[in-house]
Amino acid sequence: MRAPRVTPAAALFVCLLLCIRSSLCGGLLGANIVCARGLTERQRAMCHAAPAAVATLGNGLSMAYAECRAQLAGRRWNCSGVGDDPRVGHVLPLATREAAFTYAITAAGVTHALSEACARGDLPACACTTKRRRYTGTAEQFEWEGCGDASFGARFARRFLDARELEADARSAMNLHNNRVGRKVVKEMVRNECKCHGVSGSCAVRTCWKTLLPFRAVGAALKERLRRAKHVVAEHDFRGLHSRAVSMRHPRLVVRRTGKPPRKSELVFLQKSPQYCEPDAAIGSHGTHGRHCNRTSKGEDGCETLCCGRGYNTVQLVQESKCRCQFHWCCSVSCDTCITKTELHVCN
Ligand SMILES: *[C@@H]1O[C@H](CO)[C@@H](O)[C@H](O)[C@H]1NC(C)=O
Ligand SMILES: *[C@@H]1O[C@H](CO)[C@@H](O)[C@H](O)[C@H]1NC(C)=O
């Protein structure tokens, strides 16, 4: 086995952190600092060419990590550690469906953040035209305003994140596929919004623009795909499925059960997930001892599942708070003290 690699974005994140902590970073990010180390040659070149876009990319990463935690809260593997300490390297050494999810949501976060910044006109590198395009429709007149589609963000995310997949192996092919799924979800969630203009609300002229759905919706869509992720194997013919971005041939991936290529919308993984019940850094598991579970839930956060059948302790929490407050004229407030008891269930 080769040494664990650093997450696609992690190395960059270190650089951004260095930047954020240094005083040289007021206003425009210093390209030299941002682009300093840990990046591949290709990434460094992009970094120097478009420092503002790379800074935005850093925001996209933070958003993606936060969303990963929000979507998987309550599960045995809850995204904890992802993006925390980039020096540790890959938080998920195995090529599992959870790893697939982190790659996809990372690519999605970067795509989303860059596309929004592009639509706002914040990025000089963004090729988005601010010229209005006028369409004279049959019944109505349309005007398209600005640009809110995700193509700039997706292109930048592809060039930047895919550039880390330097090995021509199955894991790289998996990462590239899942990166693409992430970008695609964002692109598919672009919506048209229109506003009517005209005399007293008549829709004589409509102005339309494209908007991205909130990133929460993207996270939810990817979580659904996590559930339906496909177990794939590498075929050893080097036809180079997704290799246009990288000048290298990757093995073709096919779904284990059917022998067919996975769909472009499906997350793919190469290894079955471990139980994540006991802590084991070698497989990226924190274990579930001490986790809080939900006694009435039948789902992933239920005590039975989350505690892996080890059982749990119930802790009574007694809290005092002010309640039944009354306002007396004039001017005082009197309250009772109420005691609320809540139970907390903690995995053994
Ligand atoms: C996620 O899991 C870690 C490690 O098991 C735990 O410390 C943390 O509290 C969990 N986070 C949430 C939001 O449940
Ligand atoms: C526990 O699970 C039940 C059933 O799924 C749900 O209605 C409830 O809100 C959950 N409680 C907490 C504290 O999350």
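Remember, predicted model here, so these are calculated numbers, not experimental data.

**Let's talk about the state of the cysteines**
This structure, assessed with the given rule, holds seven disulfides. Sulfur-sulfur distance for the disulfide between Cys68 and Cys79 comes to 1.9 Å. For the disulfide bridge between Cys68 and Cys79, the dihedral angle about the S-S bond is near 105 degrees, and by the sign convention the bridge is right-handed. Highlighted residues: Cys68 in helix H4 (residues 51-72) and Cys79 in the loop between H4 and helix H5 (97-120), separated in sequence by eleven residues. Taken individually, Cys68 and Cys79 each receive the classification buried, so the pair is uniform in this respect. The disulfide bridge from Cys330 ends at Cys331, spanning 1.6 Å between sulfur atoms.

**Here we look at the packing of aromatic side chains**
Aromatic rings in a pair are described by how distant their centres are and how their planes are angled relative to each other. This structure, assessed with the given rule, holds three aromatic pairs. Plain terms: the ring middles of Trp77 and Tyr276 are 6.5 Å apart, the flat faces sit at 35 degrees to each other, and that makes the pair tilted. Here Trp77 is found in the loop between H4 and H5, whereas its partner Tyr276 is found in the loop between strand E7 (268-269) and strand E8 (279-280), with 199 residues between them in sequence. For Trp77, a relative accessible area of 4% gives the class buried. On the accessibility criterion, Tyr276 (5% relative accessible area) is buried. Centroid distance Phe156 to Phe160: 6.2 Å. Interplanar angle 10 degrees. Geometry classified as stacked. You can see Phe156 and its partner Phe160 sitting in helix H6 (residues 151-162), four residues apart, about one turn around the helix. A residue is classified by how much of its surface remains accessible, and Phe156, at 7% relative accessible area, is buried.

**Some words on H5**
Between its terminal C-alpha atoms H5 stretches 34 Å, which fits the 34 Å expected from 24 residues at 1.5 Å a residue. Immediately downstream of H5, the backbone of Gly121 shows phi near 85 degrees, a positive value.

**Considering a nonpolar patch on the surface**
Taken together, the side chains of Phe327, Trp329 and Val333 define a hydrophobic patch exposed on the protein surface, amounting to about 450 Å² of accessible area. With respect to the helices and strands, the residue Val333 is situated in strand E12 (residues 332-347). Classification of Val333 by relative accessible area gives exposed; the value is 55%.

Cut-offs applied
Residues numbered from 1 in each chain as written. Chains lettered and ligands numbered in written order. Predicted model: local features only at pLDDT ≥ 70, side-chain atom pairs only at ≥ 80, totals over all residues. Heavy atoms only, no water. Disulfide = S-S within 2.5 Å. Helix = DSSP H or I, 4+ residues; strand = E, 2+ residues; numbered from the N terminus. Buried < 20%, exposed > 50% of the residue type's maximum accessible area, 1.4 Å probe, protein only. Phe/Tyr/Trp six-rings, centres within 6.5 Å; stacked < 30°, edge-to-face > 60°. Expected span 1.5 Å × (residues − 1). Patch = residues over 30% accessible without salt bridge, like charges linked within 9 Å, V, L, I, M, F, W, Y side chains within 5 Å. Areas by Shrake-Rupley, 256 points an atom, 1.4 Å probe, with all protein chains shown as cover. Salt bridge = Lys/Arg side-chain N within 4 Å of Asp/Glu carboxyl O.

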